[in-house]
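Given next are the chains, with one letter for each unit.
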Amino acid sequence: MGTHKKEANRKERQGKTGDGMANVKVKGENFYRNAKKIKTLNMFKDGKAQRNAAGEITKAASYQSRDRPIARVEPNRKWFNATRVISQDALESFRSAVQAQASDPTTYLMKRNKLPMSLIEEKPNVNGLKQHAAKIAVESQSFGDTFGPKAQRKRVKLDVSSVDDLAGRTGKMHDTYLERLEQAKLLSGTSGDADQGDAEQDGTLTTARESIFSKGQSKRIWNELYKVIDSSDVILHVLDARDPVGTRCRSVERYLREEAPHKHLVFVLNKVDLVPSKVAAAWVRHLSTQFPTLAFHASINNSFGKGSLIALLRQFSSLHSDRKQISVGLVGYPNTGKSSIINTLRKKKVCNVAPIAGETKVWQYVTLMKRIYLIDCPGIVPPNQSDSDESLLLRGSIRVENVEYPAQYVDAVLKRVQPKHMQRTYEIKVDEHMDANTFLELLARKQGRLLKGGEPDFDGCAKIVLNDWIRGKIPWFTPPPMKDGKGGGASGPVREGREGQLGEMSRKRKRDDETESPQNVGARPTRAPASAGGDAESNPGDGDEFEGFSEDEGGLEVNVEDGSTGSEGGDASMLVAGSISSDDEEGVEEEVLNISKALRAAKGA
Ligand SMILES: Nc1nc2c(ncn2[C@@H]2O[C@H](COP(=O)(O)OP(=O)(O)OP(=O)(O)O)[C@@H](O)[C@H]2O)c(=O)[nH]1
C-alpha cells in the first residue's frame with residue numbers, strides 16, 4: 001500500500017472508487033516490504049537526531065553521522081608464529097633429494113598441497129619475467145654494479161656490444177630453434193613423415209584431406225578426454241603393443257606433467273598376444289623407464305596381466321586411503337582396447353567393444369570395486385601435422401569402410417610385413433617386390449572378388465587387407481629400441497615382424513574363440529585373488545589364461561613409504577612418497593619369462 005496520496009491516485013487510475021474491497025490488502029504488488037524499504041526503516045530505528053530548542057541538530061542520528069567507524073583487522077595468531085629460515089645450501093640439497101625421488105617413474109610425491117612446492121619446483125619459465133630479472137641481476141651484471149655503493153645500474157645492459165654481434169646471435173638462435181624442432185620430431189617418433197609435415201607447414205597441402213582422417217580430433221572428443229582426466233586419480237594410458245610409440249599421446253602426457261602432476265600415469269601395453277613375447281617384454285622394459293608399464297591382453301576369459309593391474313589399482317587405492325574411492329580413467333588412441341580392458345577387469349560386457357575406431361562415444365563410469373571406479377573415454381587422436389593419413393589408418397584410428405580409396409594404403413602394408421606372412425595369411429604367392437596392384441589382383445582372383453566384366457575389386461580387397469592388419473590377423477609389430485636407444489618407433493628402420501614366432505596369431509585367435517565358449521569356461525584353471533582385499537567384486541586372477549604365470553612375481557607394487565630425503569633443510573617428515581616397486585631389470589626379466597611361459601601354455605592348450 002502506498003502513501004495516502006499515492007493510494008488515492010492508484011484508486012483513481014484503476015477506476016476503483018469507494019472504500020469497499022479496493023482497500024483490502026491482497027498479496028501481490030505493495031503487499032510485502034521489500035529489502036530497500038526494510039533497510040530504510042531500520043535506519044530510522046537507530047534513533048532520530050537530537051536538536052536544541054532552536055531546532056539545530058546537537059547530535060546527529062546514526063545515519064547522518066559523518067564520523068568514520070573504527071575499522072580493525074582481527075588479530076591472528078599466525079602473525080606471530082615462528083618463521084623457519086633455512087640456508088640456501090640446505091634448500092638446494094632438499095630440492096635435489098626431492099627431484100631424485102620425483103624423477104623415478106615408480107615413485108609418487110603424495111600430499112603435494114601440503115608441501116612447499118614453490119620451493120621444491122623451480123618453474124623453468126614464469127612468463128619469462130622472474131627468470132629474466134634473475135638473469136639480468138646475476139649473470140649480466142655483477143652484484144657490485146647493481147647494488148654496491150658504486151652501482152651503475154642506469155641503463156639496460158645488453159649481452160651484445162655491436163649490431164654485428166646481435167645479428168650473429170640471431171643466427172645462432174635460429175640454428176638452436178631448428179635443432180630443437182628436429183629433436184622434438186625425433187622424440188615424437190614422427191620423423192619418418194617429416195616430408196609431408198614440412199609441406200603442410202609451408203602451407204602447400206599436396207592433396208585435399210578426407211574428413212574421415214580428422215576423427216578423434218574434434219572438440220567434443222577432447223572435452224570428453226578432459227572430463228575423464230579431471231575426474232581421475234589414476235590415468236591408464238592404453239597403448240597398442242604392435243605400435244606403442246605411434247599410439248602414445250605425448251600431448252596428454254605433457255598436459256598431465258604440467259597441469260596435473262599429482263595424477264598417476266600408468267602405461268598399459270595392450271594386445272601383447274599379437275606380438276612376440278620378447279618384443280612385448282622389451283617394450284615394457286623401455287617404457288617403464290618413463291612410467292610404470294604393464295603388459296596386458298584383454299579378453300574376458302583368456303586375459304593376461306589382469307591380476308597385476310587389479311593389484312596395482314588396489315595399491316593406488318590404499319595410497320589414497322584418505323579418499324572414499326579412487327577413479328581410474330582409461331585414455332588412448334581409438335581401437336587400442338580401452339573398453340575391452342574394462343570388460344576384462346569386470347569379467348563381463350559392460351562397455352561396447354568393436355574392432356572399429358570410435359565405438360566409445362561418451363565417457364562412461366563403471367564400478368570395479370567399492371573403492372575403485374573405472375572411466376572409459378572415447379579414443380583420441382592428438383592433432384599432429386606430421387601424422388599422415390596412412391599412419392593414422394594403419395594405427396587403427398580410422399574406420400576403413402569410410403576411406404574412399406583404400407587400395408592406395410596397401411603398399412604401406414606390404415612394405416611393413418614380410419612376404420611370407422602375407423603369403424601364409426592369404427595363401428597366395430607374394431614376393432619381396434610385389435606392388436599393391438598385383439597383390440590385390442591376385443587376392444581378388446583367389447577370393448572371387450570380381451566386378452562386372454571380370455575386373456578385380458581392388459578397393460574391396462584393400463578393405464579386407466586393412467581390416468586384417470588392424471585386427472591382428474596379419475602379423476606385424478614395431479621393433480623395440482635397442483639397448484643403446486637406437487631404432488624403435490616409427491623412426492626405426494623396419495616396422496615388420498622379422499623375428500619371433502609370428503604367423504601363429506590367426507590360429508591362436510581361433511583357439512581363443514573356442515576357449516571363450518561357455519563349455520570351456522568351467523574347465524579353465526582358476527586362481528585365487530592376488531591380494532586379499534575384502535572388497536573385491538571381481539576375482540583378479542580368476543580366468544587368467546596362462547597357468548604358468550604368477551602375477552605376484554611380475555606385478556608392480558605400490559608402497560606408501562616415507563620419502564624422507566635426509567636433508568636437514570626441508571621438513572622431511574612432510575614428504576610422503578608413494579612408490580611402485582619391483583619393476584627394475586629383475587622384474588622385467590621375470591616379465592619376459594612370464595609372458596613367454598604364458599604364450600607357450602596358450603599355444604599348447
Ligand atoms: N588380439 C587382441 N585384441 C584386442 C585386445 N584388446 C582389444 N582387442 C580388440 O580391439 C578392438 C577394439 O577394442 P575396443 O575395446 O573397442 O577399443 P577402444 O579403445 O575402446 O576403442 P574406441 O571405442 O574406439 O575408443 C576389439 O575388436 C577388441 O576385440 C587384446 O588384448 N588382444
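Residues numbered from 1 in each chain as written. Predicted model: local features only at pLDDT ≥ 70, side-chain atom pairs only at ≥ 80, totals over all residues. Heavy atoms only, no water.

(A) Just the environment of His 262, in detail. Structurally, the position occupied by His 262 is in the loop between helix H10 (250-259) and strand S5 (264-270). The exposure class assigned to His 262 is partly exposed, which follows from its relative accessible area of 43%. Spatially, the C-alpha atoms of His 262 and Asn 113 are 9.4 Å apart, while their sequence positions differ by 149 residues. (Helix = DSSP H or I, 4+ residues; strand = E, 2+ residues; numbered from the N terminus. Buried < 20%, exposed > 50% of the residue type's maximum accessible area, 1.4 Å probe, protein only.)

(B) Structural context of the packing of aromatic side chains. Under the counting rule described, the total for this entry stands at eight aromatic pairs. A centroid spacing of 5.9 Å and a plane angle of 70° characterise the contact between Trp 363 and Tyr 365, whose relative ring orientation is edge-to-face. Look at Trp 363 and you get partly exposed, because its relative accessible area is 27%. The partly exposed category is assigned to Tyr 365, whose relative accessible area is 43%. Taken together, the ring pairs connect Trp 222, Tyr 226 and Tyr 255 into an aromatic cluster. (Phe/Tyr/Trp six-rings, centres within 6.5 Å; stacked < 30°, edge-to-face > 60°.)

(C) Local environment of the pattern of salt bridges. As enumerated under the stated definition, the model contains seven salt bridges in all. The closest approach of N and O atoms between Glu 224 and Lys 227, which form a salt bridge, is 3.0 Å. Of this pair, Glu 224 and Lys 227 both sit in helix H9 (residues 219-231), three residues apart, which is roughly one turn of that helix. (Salt bridge = Lys/Arg side-chain N within 4 Å of Asp/Glu carboxyl O.)

(D) Highlighting the pairing of S5. With seven of seven residues buried, S5 is to be regarded as a mostly interior element. Burial along S5 is two-sided: His 264, Val 266, Val 268 and Asn 270 and Leu 265, Phe 267 and Leu 269, pointing in opposite directions, are all buried. Of the strand pairs in this sheet, strand S4 (residues 234-240) and S5 are connected by seven bridges, and their pairing is parallel. Looking across to S5, one finds that Leu 239 is bridged to Leu 269. (Pairing = 2+ DSSP bridges.)

(E) Fine view of the site of the ligand. In the region of the ligand, 22 residues are neighbours, and Lys 338, Ser 339, Ser 340, Gly 358 and Thr 360 sit closest. Contacts to the ligand include Thr 336, whose backbone N or O atom sits 3.3 Å from an oxygen atom. A distance of 2.7 Å is found between an oxygen atom of the ligand and a side-chain nitrogen or oxygen belonging to Lys 338. When the ligand sits alone it has 650 Å² of accessible area, and the protein chains cover 90% of it. For the shell around the ligand, the class distribution of residues is seven nonpolar, 10 polar and five charged. (Near = heavy atom within 4 Å. Polar contact = N/O pair within 3.5 Å; in protein donor to acceptor, adjacent residues only side chain to side chain. Areas by Shrake-Rupley, 256 points an atom, 1.4 Å probe, with all protein chains shown as cover. Nonpolar A, V, L, I, M, F, W, Y, C, P; charged D, E, K, R; others polar.)

(F) Broad picture of the environment of Pro 479. In this fold, Pro 479 is placed in the loop between helix H18 (458-471) and helix H19 (505-515). Judged by its relative accessible area of 15%, Pro 479 falls in the buried class. When the C-alpha positions of Pro 479 and Val 275 are compared, they lie 9.9 Å apart, and in sequence the two are 204 residues distant.

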